[in-house]
Amino acid sequence: MNQRHIFITFLLLFSLVSVSTLSAQTARIVGVVIDASNEDPLAGATVYTPKLQRGEVAGRNGEFTLSGLKAGGYEVTVSFIGYEKQTQKITLREGETRKETIRLKAEAKSLHEVVVSAKSEARQLREQAMPVTVLSSVQLAGSVSDVSDILGKTMGVTIRSQGGVGSASRLSVRGLEGKRIGFFIDEAPMNDHSDFIDVNDIPVELIDRIEIYKGVVPAKFGGSAMGGAVNIVIKEYPPRYFDASYTIESFNTHKVSTGFKRNLAKQGLEFGGGGYYTHSDNDYVMESPFHKNLIIKRDHDRFDALGWGFGMKARKWYFDELEIFLEGVKNNKQIQGIFSNIQQAHSKSIAGVLETAMKKKDFIAEGLDLNFSTAVALTRFNYIDTAMHRYNWMMEPYIPVHPLGGETGSAPSKSTILKTHVGSKLNLNYIITEKHAVNLNVFQTYTHGNPTDTLKDVALGYKTNYNSDMNSVVVGMGYDYKSLDDRLLNSVTGKYYFYSMNTILREYVQPHRENPIDLKKHYWGIGDALRYRFAKEWMAKFAVAYEVRTPTESELIGDGYLVAPSGSLLPERGTSVNIGAIWDKKILHGMFQLEVNLFGNHLYDMIRQTRNIIQTQYDNFGEMRSLGAEAEVKSDICAWLYGYANVTYQDLRDMRKYEQNSQVPNTTYGIRMPNIPYFMVNAGLELHKENLFGVRRTNTRLFADAAFVEEYFYDFEQSIYQERRIPRSLRLDVGVEYSMMGGSLILSGKLGNVTNTKLFSEFNYPLPGRAFSVRLRYVMK
């Protein structure tokens, strides 16, 4: 059965379900909240029914739904900051769906006079059954930090970087890192595009919130991930909007970003676009971790990145939303040596993406919502390593790695890899009743890789790279149950995984045979997440899952220069468990929140990067087990002071009884996995005050953040005399933000690593010392 038949079959099944249950539907009110003068949607408006003491928050397009209503009369009160409150009386018949358009009139009212009774979207997400941490726009507002710094303060999360701006970095959630952790932007999977987009490429001012899922990953995201996922949600801007910012940082770092939006309400059209440019020399001084008393200035680590995007959204073309996006990214990166001095090797990448997305409520049947998207991406990667001389750290020349040149690996390289990516995602969500809902997600990707490296082929005397084709399909089905009193939530998810790989692998030992690879694999996964509210202020969560992470195209196909294809790679499989409790209490000056979690994971066929004679390659490592605990407290200490603290302990152990592909006993069995911190503490304070010193329409924020990481090993700990350790560290950052003109002009600054502590990342790579950052931002809306 081909994919088109699968798609049609699922639509027929859902239409049959909807017809059979339609007569059992209770009444509901479906509507949209808009500006009375220009018909712009009012995202975030509050819709409240006093009779039920229940509120909803209007979505991105001003839409709202009040479902599960009995026949009878209701008063619906709609309010939004800066608009007059409106109350409507509505009488519903049994099974009726009433469609309403609420037009609010603007009024001059100060912020403190408006009370919003419904929960924010961030808090609603925290109260899901899934284990999730949400960083809201309030926590991100005015931040001088990049995304990785913000994530690094979060309970159970670390960022493993190898240097400054633009350096290779991997996200780690509870010790599981890299490709295992799903990376999404507006629920679109980005793991396969990590060669040309990084979490730090997204300007913080463009982000509405960051969702960090731990353990069970929602089926609606599509794709495969294990151990967690990070979803970055981009802001839905007001109908007329312009935003521009400029940041200057240490080590000759400059960042510029801009965005705009224009809404044509009568035509039902929105246009928007934006872009960013980043440059950094990354020329900080470091002490070599491999040569005692050797001080090195990083003089070959320049990074440049340029990104842009333009989009259109139509609201009156059959679909509730039809979106078209065109995006581009271009990066240039010098290669900084750590083990040896590198002076010429560098990489370049460029990508273009065309995306379309369609959303429709009540598609085919009432209560069935459609969300379908497709994307086509063309990418090109280049790695250039043709130097005819190498240099030691004293800049004394010596011979290259090969008579034809090169500074890295075993041969010179002038590679080009062209890739074509095609992906689609179908999400169907069907609300059967107020208590029951089902969700179907089908995510498909296809990648064709065409690598060439004539210089390396000549140097080695044989062809090293071959065309590759990879196809992946993940089908997820979820069922959600919610009790009418909101005490119990339960989400059950089942997944089917398929991937295929077709390529040729070259043996790197004599006689260098070509081995054709034609691989097809099928797997299943299942998960369940439960949340029970014992009282209004506290709840408990339990989640368990058996999941599969299929290899990404970069792991299977490689990058054409440093990473060789691994066509026979098996997927990772793992079982995870999470038990936690959350206490949210409203106090005099805001909220007090306490969260505690216990977690465990057992991973099979773990994938890790290894080196062969010529290149690196991904291989299946074996088994790994992790156990841990985490706790976090946040509180509005008083009207002008906020504080937080969190602690994470994660113990990851090697569970391989034998060496890979042998019966030789594994000497590291039961030993803690290297290069993964096991004990971390974060804490911070923020002072915020409006109209400080009597200056009207201003807001001031002062903050201080501290991060502690206990000493850990970057290789297996097999001796008490082993010196391959990453030392204990304590980092302190301080900053200030001052906004004027009612938030239109914002000036912020940050001093990172105030005490200039020596910091190291994985493999003992030195990180920057004390550094500053200053940002100026202008917002017009």
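Residues numbered from 1 in each chain as written. Predicted model: local features only at pLDDT ≥ 70, side-chain atom pairs only at ≥ 80, totals over all residues. Heavy atoms only, no water.

1. Quick notes on the pairing of strand 27 (residues 413–431)
As defined by bridge partners, strand 24 (residues 368–385) adjoins strand 27 across 18 bridges and the pair is classed as antiparallel. Bridge pairing in strand 27 places L370 opposite L428. Looking at chain direction, strand 27 and strand 28 (residues 436–452) are connected through 16 bridges and run antiparallel. Among the inter-strand pairings, T420 is bridged to a residue of strand 28, identified as H448. (Pairing = 2+ DSSP bridges. Helix = DSSP H or I, 4+ residues; strand = E, 2+ residues; numbered from the N terminus.)

2. Description of the side chain of N675
Following the sequence through the fold, N675 ends up in the loop between strand 36 (641–654) and strand 37 (679–690). Within the structure, N675 has its side chain in polar contact with the backbone oxygen of Y714 (distance 3.4 Å). (Polar contact = N/O pair within 3.5 Å; in protein donor to acceptor, adjacent residues only side chain to side chain.)

3. Quick look at the packing of aromatic side chains
Applying the stated criterion across every chain yields a total of ten aromatic pairs. When the centroid spacing of 6.3 Å and the interplanar angle of 75 degrees are considered together, the rings of F339 and Y765 count as edge-to-face. Residue F339 is found in the loop between strand 22 (321–334) and strand 23 (346–360), and its partner Y765 is found in the loop between strand 42 (745–752) and strand 43 (771–780); the two are separated by 426 residues along the sequence. Arranged with centres 6.4 Å apart and planes meeting at 75 degrees, the rings of F679 and F708 form a pair that is edge-to-face. Here F708 lies in strand 38 (residues 699–709) and F679 lies in strand 37, a separation of 29 residues in the sequence. When its relative accessible area of 29% is taken as the criterion, F679 is described as partly exposed. Over the face of the ring belonging to Y318 we find K360, whose NZ or CZ atom lies 4.5 Å from the ring centre. (Phe/Tyr/Trp six-rings, centres within 6.5 Å; stacked < 30°, edge-to-face > 60°. Buried < 20%, exposed > 50% of the residue type's maximum accessible area, 1.4 Å probe, protein only. Lys NZ or Arg CZ within 6 Å of the ring centre and 35° of its normal.)

4. Details of the sheet that holds strand 6 (residues 86–92)
Read across the open sheet, the four strands follow the order 3-2-5-6; overall the sheet is antiparallel. Two strands in the sheet have a free side with no partner beyond their single neighbour: strand 3 (54–57) and strand 6. Put simply, the sheet's adjacent strands are angled 25 degrees from each other on average, direction ignored. In the sheet, strand 2 (residues 46–49) pairs with strand 5 (residues 72–79) via three bridges, with the strands oriented antiparallel. Within strand 5, the residue paired with V47 across the bridge is V78. (Axes fitted to C-alpha atoms, helices over the stretch in contact; angles between N-to-C directions.)

5. Notes on empty space enclosed by the protein
Applying the stated criterion across every chain yields a total of six cavities of 30 Å³ or more. What the largest cavity holds in volume is close to 90 Å³. In terms of lining residues, the largest cavity is bounded by V173, R174, L176, G215, G227, S576, V577, N578, F599, G600, N601 and S626. Elements represented by at least two residues in the lining of the largest cavity include exactly strand 33 (572–587) and strand 34 (590–611). Considering only residue class, the lining of the largest cavity consists of four nonpolar, seven polar and one charged. (1 Å grid on protein atoms, 1.4 Å probe; cavity = no way out; pocket = protein on both sides within 12 Å on 5 of 7 lines; lining within 4 Å. Points joined across faces, edges and corners; volume = space filled by probe spheres on them. Nonpolar A, V, L, I, M, F, W, Y, C, P; charged D, E, K, R; others polar.)

6. A short note on the environment of G743
Along the chain, the position of G743 falls in the loop between strand 41 (729–740) and strand 42. For the pair formed by G743 and Y778, sequence separation is 35 residues and the distance between their alpha carbons is 8.4 Å.

7. Looking at a positive patch on the surface
On the surface, a cluster of positive charge is contributed by K330, K348, R380 and K414. Examined against the element boundaries, R380 turns out to sit in strand 24. When its relative accessible area of 39% is taken as the criterion, R380 is described as partly exposed. (Patch = residues over 30% accessible without salt bridge, like charges linked within 9 Å, V, L, I, M, F, W, Y side chains within 5 Å. Areas by Shrake-Rupley, 256 points an atom, 1.4 Å probe, with all protein chains shown as cover. Salt bridge = Lys/Arg side-chain N within 4 Å of Asp/Glu carboxyl O. Lys, Arg positive; Asp, Glu negative; His and termini not counted. Charge placed at Lys NZ, Arg CZ, Asp CG, Glu CD.)

8. Side note on the pattern of salt bridges
Should their charged atoms come close, side chains of opposite charge can pair. Per the stated rule, a full pass over the model turns up 39 salt bridges. For the salt bridge of D486 with R531, the shortest nitrogen-to-oxygen distance reads 3.5 Å. With a gap of 45 residues between them, D486 in the loop between strand 29 (468–482) and strand 30 (488–506) and R531 in strand 31 (residues 514–533) connect regions that are remote in the sequence. Using a relative accessible area of 1% as the deciding quantity, one classes R531 as buried. One salt bridge in this structure joins D733 and K750, with 3.8 Å as the shortest N-O distance.

9. Concerning the nonpolar core
The tendency in soluble globular proteins is for nonpolar side chains to be buried side by side. Among the nonpolar cores identified, the biggest contains 29 residues, and V147, L151, I210, I212, I232, M624 and M673 are the most heavily contacted of them. At the level of elements, helix 4 (147–152), strand 10 (169–173), strand 12 (182–185), strand 14 (207–215), strand 15 (227–234), strand 34 and strand 35 (616–638) are the ones that each hand at least two residues to this core. The residues that make up this core include at least three from each of domain 2 (112–232) and domain 3 (233–779). Apart from residues lying up to four places away in sequence, I212 is in contact with P131, V132, T133, L135, L151, T154, V157, A229 and V230. (Core = buried A, V, L, I, M, F, W, Y, C linked by side-chain atoms within 4.5 Å. Domains from an automatic or database assignment. Contact = heavy atoms within 4.5 Å.)

10. Some thoughts on unusual backbone geometry
For R174, which is not a glycine, the phi torsion comes out positive at approximately 55 degrees. By the element assignment, R174 lies in the loop between strand 10 and strand 11 (176–177). Located in the positive-phi region is F251, a residue other than glycine, with phi close to 65 degrees. Since its relative accessible area comes to 23%, F251 is described here as partly exposed.

11. Thoughts on the confidence of the model for the protein
The predicted model of the protein has a mean per-residue pLDDT of 83, with 86% of residues at 70 or higher. Low pLDDT, under 50, characterises residues 1–25; the predicted model gives this stretch 28 contacts beyond four residues in sequence or across chains. Per-residue pLDDT stays below 50 along residues 108–120; that stretch engages in 14 contacts with residues further than four places along the chain or on separate chains. (pLDDT = per-residue confidence, 0-100.)

12. Some thoughts on the pairing of strand 12
Taking every second residue as pointing to the same face, both faces of strand 12 are buried, with G182 and F184 on one and F183 and I185 on the other. Two strands pair when backbone bridges link them, and strand 12 and strand 15 are joined in this way by four bridges, in the parallel orientation. The residue of strand 15 that forms the bridge with F183 is V230. The sheet contact formed by strand 12 and strand 13 (residues 188–189) spans two bridges and is antiparallel. From the neighbouring strand, F184 faces strand 13, where its bridge partner is P189. Between strand 12 and strand 13, which pair antiparallel one after the other, the connecting turn spans two residues, and D186 there sits at a positive phi close to 50 degrees.

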